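Chain and residue survey
What follows is the residue order along each chain.
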Amino acid sequence: MTPIAPSILVVDDEAAMRDVLVRLLERGGYSNVRSASSCEEALGYLVTESTDLILTDMQMPRGSGIDLLAYVHAHLPQVATIMITGVDDKVLGERALALGAYGYLIKPFRPNEVLINVSNALRRLALELENRGHRQHLEEKVKLRTDDLWKALIGLEASQKATRASRSDTIKRLAIAGEFRDEETGRHVIRMSRYCEILARAAGANDELCDSIREAGSLHDLGKIGIPDRILLKHGPLTREERSVMETHAQIGHRMLSGSQSPLLELAAEIALTHHEKVDGTGYPNGLRGESIPLPGRIAAIADVFDALTTHRVYRRSYALIEVVEMMKKESGTHFDKQLLAVFWDSMAEVLAVKDDYGYEVVAS
């Protein structure tokens, strides 16, 4: 099947500039190129015809390029945009990028600049649409396949006949389902959840909360079910776009776990959403700071990073324990809660006992 050529719309009130851009794009191999002389005419095209990419001038009569960009940003997320202007204005450029522009060209431009920007914009658009569709498909699929499991779990908690052991086993199996594509299936969630329990207990939490944090902590990365294999299992560093997709696992996990009648699942949803927040406010997804990050999230952040650094990953070998301690101490008070991290180091004997039972042995020096 022959691939469908991308549909490109050139918008400029100057006929000569429209002709230059259309001819340039056609010579660059883009066969489906149209043009419009105003924002109004462009909107007419967008309503009636499929469009993948818009190249629009900034200054035009009867509606500016910024107006067109704002409309596309609000109503047509499947359309990429590149802004073209004769004025090198930083404020205007930042506004265009904030409204979702994929590129910003200043006249006069070289032909290669246009073709490179167009190629990059179309490639980025394809990646975003693929990730959006893949994520939506997986979330729907996971929801359909786990509805019965949620009902069973809620029923177990509500029933006086249900034992804590059976509930824990259900949680464990759900957690392992979320890790089934990783090389270390299941062991990461067991270790991490037990580290959470150790730290919570050492920090003075009561037995009930410690048990709940252990069970709920095992679901911290459930949202990775919604991350494509080519990103989740990639050998080597992620690109900026891939990193943005990977970071959505916090919100995906929160959406999957929240809204139930189970206090345990609500705690798991809170941990899933907040375990990548940092106490200095530079974490994700919400940039929470200090004690605005719930205690379970601050505990999970320490446990998760410690386990990540002391075990093998697809993209690197594990670090020695002495290196891990040094690395994490440097982030005390920035990434990690300073007091909780100090308590964690005081509990290292218990932590290493769990490490020996459920994973690779830690290299001590």
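None of the values given here were measured: they were computed from a predicted structure. (Residues numbered from 1 in each chain as written. Predicted model: local features only at pLDDT ≥ 70, side-chain atom pairs only at ≥ 80, totals over all residues. Heavy atoms only, no water.)

1. Looking at the confidence of the model for the protein
Confidence in the prediction for the protein averages 84 pLDDT; 84% of positions are at 70 or higher. When mean pLDDT is compared element by element in the protein, helix α15 (residues 338-346) scores highest at 97, while helix α6 (residues 164-178) scores lowest at 59. Below a pLDDT of 50 lies the segment residues 361-365, which in the model reaches ten contacts outside its immediate sequence neighbourhood of four places, other chains included. (pLDDT = per-residue confidence, 0-100. Helix = DSSP H or I, 4+ residues; strand = E, 2+ residues; numbered from the N terminus. Contact = heavy atoms within 4.5 Å.)

2. Considering the sheet that holds strand β4 (residues 80-85)
Taken in spatial order, the five strands line up as β2-β1-β3-β4-β5 in an open sheet, and their pairing is parallel. Both edges of this open sheet fall to β2 (32-36) and β5 (103-106), since each of them pairs with a single strand only. Along the sheet, successive strands turn relative to each other by an average axial angle of 20°, direction set aside. Of the pairings in the sheet, the one linking β4 to β5 comprises four bridges and is parallel in character. Residue pairing in the sheet places I84 in a bridge with L105 of β5. Seen against the sheet, helix α1 (residues 15-27) touches β1 (7-11), β2, β3 (53-57) and β4 and runs at an angle of roughly 175° to β2. (Pairing = 2+ DSSP bridges. Axes fitted to C-alpha atoms, helices over the stretch in contact; angles between N-to-C directions.)

3. Re the side chain of T248
Residue position: T248 is located in the loop between α10 (240-247) and α11 (249-257). Within the structure, T248 has its side chain in polar contact with the backbone oxygen of V245 (distance 2.5 Å). Sequence-distant contacts of T248, that is, excluding residues within four places in its chain, are made with R135 and I227. (Polar contact = N/O pair within 3.5 Å; in protein donor to acceptor, adjacent residues only side chain to side chain.)

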